[in-house]
Amino acid sequence: MRRLGEGIEERSNFIMYHKGEIAGQRGVGFLVKLNLKSQIIGFEGISDRIAAIHINLQNPTKKWTVIQVYSPTEKASKKDIDNFYYKLSEVTEKYSANNIVVMGDFNAQVGAKLAGEEHIIGKYGSGKRSKNGEMLVEFLLEKNLTLLNSMFRKKPKNKWTWISPDGKTRNEIDYIITNKVRCFSDTGIIQNLNFNTNHRMVRSCLNENATKKTKTKSNSNELLTSN
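Residues numbered from 1 in each chain as written. Predicted model: local features only at pLDDT ≥ 70, side-chain atom pairs only at ≥ 80, totals over all residues. Heavy atoms only, no water.

- Within an unreviewed UniProt entry, the label attached to the protein chain reads Endonuclease/exonuclease/phosphatase domain-containing protein, and the organism entered is Arctia plantaginis.

Listed below in structure tokens is the structure:
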């Protein structure tokens, strides 16, 4: 979010939480619709690359922990990348009893699933895997999390999430990940969003009645990556 410091701001339609340590660089945070204010348990800033919100959704007896990330690029040092995944693993493990979503800019290309990855990557993964993608897959395997981007059929033009400044390169590097796949009805790209960014936002729809035994079509909450 590139906002210096840590804070919570309440606006007319939403609540914003942000955490940043270097002015104009990195930073993570959340925008939450104001009507969900009473369901927010709290925000937690781990670093300027990892933050979490704890919130009651669907079933009030089961908390959701949503972890927002901004991973180092592949040009970063091995130490920085290892430290990022160490902290991410630590916070994910800490709240493993909750329903978990990990989302954001992973600067990683995961690509198509390989043998033994069927439970973490769906049949709609595509492309090649980068070095950071290998790190992300190791994290998914270790924490038994699933890449929602790969679970729903989308046209190739609706898969990429980042475009290079010259417009020649398009990659899928922003993801939404969870330990509760069956609670989600869809994950896809918001193509037309009026923000000054070279990323496209990823949206997952969370079924409000996913934990109930009913065939009634439910309304949905939405989880959005932000960059």
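Following the structure, the description resumes.
## Thoughts on unusual backbone geometry
No. 1: Within the chain, N107 stands out as a residue other than glycine whose phi angle is a positive 45°.
No. 2: Topologically, N107 is positioned in the loop between β7 (99-105) and α2 (131-143).
No. 3: Residue N107 is classed as buried on the basis of its relative accessible area, which comes to 16%.
No. 4: In this structure, N144 is a non-glycine residue whose phi angle is positive, near 55°.
No. 5: Within the secondary structure, N144 is located in the loop between α2 and β8 (146-147).
No. 6: With relative accessibility at 49%, the residue N144 sits in the partly exposed group. (Helix = DSSP H or I, 4+ residues; strand = E, 2+ residues; numbered from the N terminus. Buried < 20%, exposed > 50% of the residue type's maximum accessible area, 1.4 Å probe, protein only.)

## Re the packing of helix α1 (residues 78-94) against α2
No. 1: Two numbers describe how α1 lies on α2: the axes approach to 11 Å, and their chain directions differ by 20°. Taken together, the axes of α1 and α2 are roughly parallel relative to one another. Once α1 is placed against α2, the crossing between them reads as right-handed. For the pair formed by α1 and α2, the contact residues are I81, D82, Y85, L88, S89, T92 and E93 on the first element and N132, M135, L136, F139, E142 and K143 on the second.
No. 2: Here the contact of α1 with α2 is built from residues that sort into 6 nonpolar, 3 polar and 4 charged. (Axes fitted to C-alpha atoms, helices over the stretch in contact; angles between N-to-C directions. Parallel < 35°, antiparallel > 145°, perpendicular 65-115°, else oblique. Left-handed = near helix turned anticlockwise from the far one by under 90°. Contact = heavy atoms within 4.5 Å. Nonpolar A, V, L, I, M, F, W, Y, C, P; charged D, E, K, R; others polar.)

## Thoughts on the nonpolar core
No. 1: Membership of the largest hydrophobic core comes to 25 residues, with the highest contact counts inside it found for L88, V102, F106, L136 and I177.
No. 2: Broken down by element, the residue count for this core peaks at 5 residues, all from α1.
No. 3: In terms of nonpolar packing, the next biggest core, distinct from the first, is built from 23 residues, V28, V66, V101 and C183 among them. (Core = buried A, V, L, I, M, F, W, Y, C linked by side-chain atoms within 4.5 Å.)

## Some remarks on empty space enclosed by the protein
No. 1: Scanning the model with the defined rule gives 1 cavity of 30 Å³ or more in all.
No. 2: Estimates place the volume of the largest cavity at around 60 Å³.
No. 3: For the lining of the largest cavity, the element with the most residues is strand β12 (residues 184-190), which contributes 3 residues. (1 Å grid on protein atoms, 1.4 Å probe; cavity = no way out; pocket = protein on both sides within 12 Å on 5 of 7 lines; lining within 4 Å. Points joined across faces, edges and corners; volume = space filled by probe spheres on them.)

## Some words on the pattern of salt bridges
No. 1: Summed over all chains, the structure comprises 12 salt bridges.
No. 2: Residues R26 and D48 are paired through a salt bridge, measuring 3.0 Å at the closest nitrogen-oxygen approach. On the criterion of sequence distance, the pair formed by R26 in the loop between β2 (14-20) and β3 (28-33) and D48 in the loop between β4 (40-45) and β5 (50-56) is long-range, its members being 22 residues apart.
No. 3: Note on D48: relative accessible area 5%, which makes it buried.
No. 4: With a shortest N-O distance of 3.6 Å, K94 and E44 are connected by a salt bridge. Of the two residues, K94 sits in helix α1 while E44 sits in strand β4, which places them 50 residues apart along the sequence.
No. 5: Ionic contacts of the salt-bridge type, sharing partners, join the residues R3, E9 and R11 into one network. (Salt bridge = Lys/Arg side-chain N within 4 Å of Asp/Glu carboxyl O.)

## Considerations on α1
No. 1: With 17 residues, α1 extends 24 Å between its outermost C-alpha atoms, agreeing within 8% with the 24 Å of an ideal straight helix rising 1.5 Å per residue.
No. 2: When we look at burial in α1, the residues that qualify are I81, F84, Y85, L88, S89, V91 and T92.
No. 3: Those residues of α1 that are buried lie in contact with β5, β6 (63-70), β7 and α2. (Expected span 1.5 Å × (residues − 1).)

## With respect to the pairing of β7
Sheet faces and side chains relate simply in a regular strand, where the side chains alternate between the two faces.
No. 1: Within β7, 7 of the 7 residues are buried, leaving the element largely enclosed by the surrounding structure.
No. 2: In this structure, β6 lies alongside β7, joined through 7 bridges in parallel fashion. Of the residues in β7, the one forming a bridge with Y70 is D105.
No. 3: Read from β6 through α1 to β7, the crossover connection turns out right-handed.
No. 4: In this structure, β7 lies alongside strand β11 (residues 174-178), joined through 5 bridges in antiparallel fashion. Across the sheet, the residue bridging to G104 is Y175, located in β11. (Pairing = 2+ DSSP bridges. Right-handed = clockwise from strand over helix to strand, strands pointing away.)

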